[in-house]
Amino acid sequence: MGTIIAIVNQKGGVAKTTTAINLSASLGKLGKKVLLVDLDPQGNATTGYGVSKRALEHTTYEVLMGEVRPIEAVVSTDFKNVDIIPATQLLAEAEVRLLQFENKTLQLRKALVQIKDSYDIVIVDCLPSLGVLALNGISACDSIVIPMQCEPYSLEGVAELFTTVKRVKSSSNRHVKVLGIIFTMLDKRLMVNRDVMNNIREKFPEDIIFKTEIPRNVRIAEAPSHGEPIIYYDSSSKGAAAYLRLAKEVLEKI
């Protein structure tokens, strides 16, 4: 039975989509069959895998609306063991249309139950908000990974996210757990980065903070514009090594 991991943070610019792309690619490289679900209307995970949005017949929008089965929206990527259900700007309409559904936060769960057993791991790239789309991601998953940048106000955002997870746990998904917080775009030369890291470590249990840290790395930033995950764009980079370590750590935790 496949496990579903949502990559979640309501704050933008924390390398959430970068983590979804590179974690899924690294898991695929390690021999796991992976499905990436792009649940962000920006569709950056889709383009980050080199998938052309113009040629798409079906996307996560149609899947959420119940118009197609998930398998009909799956697109194969050029990278080992990774498929994707892509997204376009049309997904933004789902934020409004889902409000009309009786079980508005459970549509993704109902869809993924049809397909998750065909994969070892399903990664859901949630949009930077805690609206109905993101709640669909949290309600559908077995666990969440929280990428966070070590900057002021990050702690407040993570605390709010934990409150949301508790709410989902008590209402629609009692089995969901936080797999871990992953520090991203990290530059330990900066005092502010070190201070925030220390603050997070004081506030949260050690077992929900990943040992792996993702460094600020130019090659990671370049890779999406080439439509390639970092382990394919530059396998010798520090960023590639870090995401491969993260994938191994995730496999130990799930």
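Residues numbered from 1 in each chain as written. Predicted model: local features only at pLDDT ≥ 70, side-chain atom pairs only at ≥ 80, totals over all residues. Heavy atoms only, no water.

1. Section: the sheet that holds strand β5 (residues 121-126)
The strand order across the open sheet formed by seven strands is β3-β4-β2-β5-β1-β6-β7, and the pairing between neighbours is mixed. Bordering the open sheet on either side are β3 (75-76) and β7 (177-184), each of which pairs with just one other strand. Where strand β2 (residues 34-39) and strand β4 (residues 82-85) come together, four bridges link them in parallel fashion. In the strand pairing of β4, valine 37 is matched with isoleucine 85. Across the face of the sheet, helix α12 (residues 238-253) comes into contact with β1 (3-7), β5 and β7 while running at roughly 165° to β7. (Pairing = 2+ DSSP bridges. Helix = DSSP H or I, 4+ residues; strand = E, 2+ residues; numbered from the N terminus. Contact = heavy atoms within 4.5 Å. Axes fitted to C-alpha atoms, helices over the stretch in contact; angles between N-to-C directions.)

2. Section: the packing of aromatic side chains
If you walk through the whole model with that rule in mind, you get three aromatic pairs. With a centroid separation of 4.9 Å and an interplanar angle of 50°, the aromatic rings of phenylalanine 79 and tyrosine 232 are classed as tilted. Of this pair, phenylalanine 79 sits in the loop between β3 and β4 while tyrosine 232 is found in helix α11 (residues 230-233), placing the two residues 153 residues apart along the sequence. Phenylalanine 79 sits in the buried class, given a relative accessible area of 11%. Three or more aromatic residues link up through ring pairs in this structure, and these residues are Tyr49, Phe79 and Tyr232. Above the ring of tyrosine 119, the side-chain terminus of lysine 33 is found at 5.2 Å from the ring centroid. Here lysine 253 stacks its cationic end above the ring of phenylalanine 210, 5.2 Å away from the centre of that ring. (Phe/Tyr/Trp six-rings, centres within 6.5 Å; stacked < 30°, edge-to-face > 60°. Buried < 20%, exposed > 50% of the residue type's maximum accessible area, 1.4 Å probe, protein only. Lys NZ or Arg CZ within 6 Å of the ring centre and 35° of its normal.)

3. So, the layout of surface pockets
In this structure, the largest pocket encloses a volume near 230 Å³. Surrounding the largest pocket, 16 residues form its lining, Ala15, Lys16, Thr17, Thr18 and Asn44 being those nearest its centre. Of all the secondary-structure elements, those providing two or more residues to the lining of the largest pocket are α1 (16-29) and α2 (44-48). Among the elements that line the lining of the largest pocket, the one with the most residues is α1, at four residues. Class assignment for the residues of the lining of the largest pocket results in five nonpolar, eight polar and three charged. (1 Å grid on protein atoms, 1.4 Å probe; cavity = no way out; pocket = protein on both sides within 12 Å on 5 of 7 lines; lining within 4 Å. Points joined across faces, edges and corners; volume = space filled by probe spheres on them. Nonpolar A, V, L, I, M, F, W, Y, C, P; charged D, E, K, R; others polar.)

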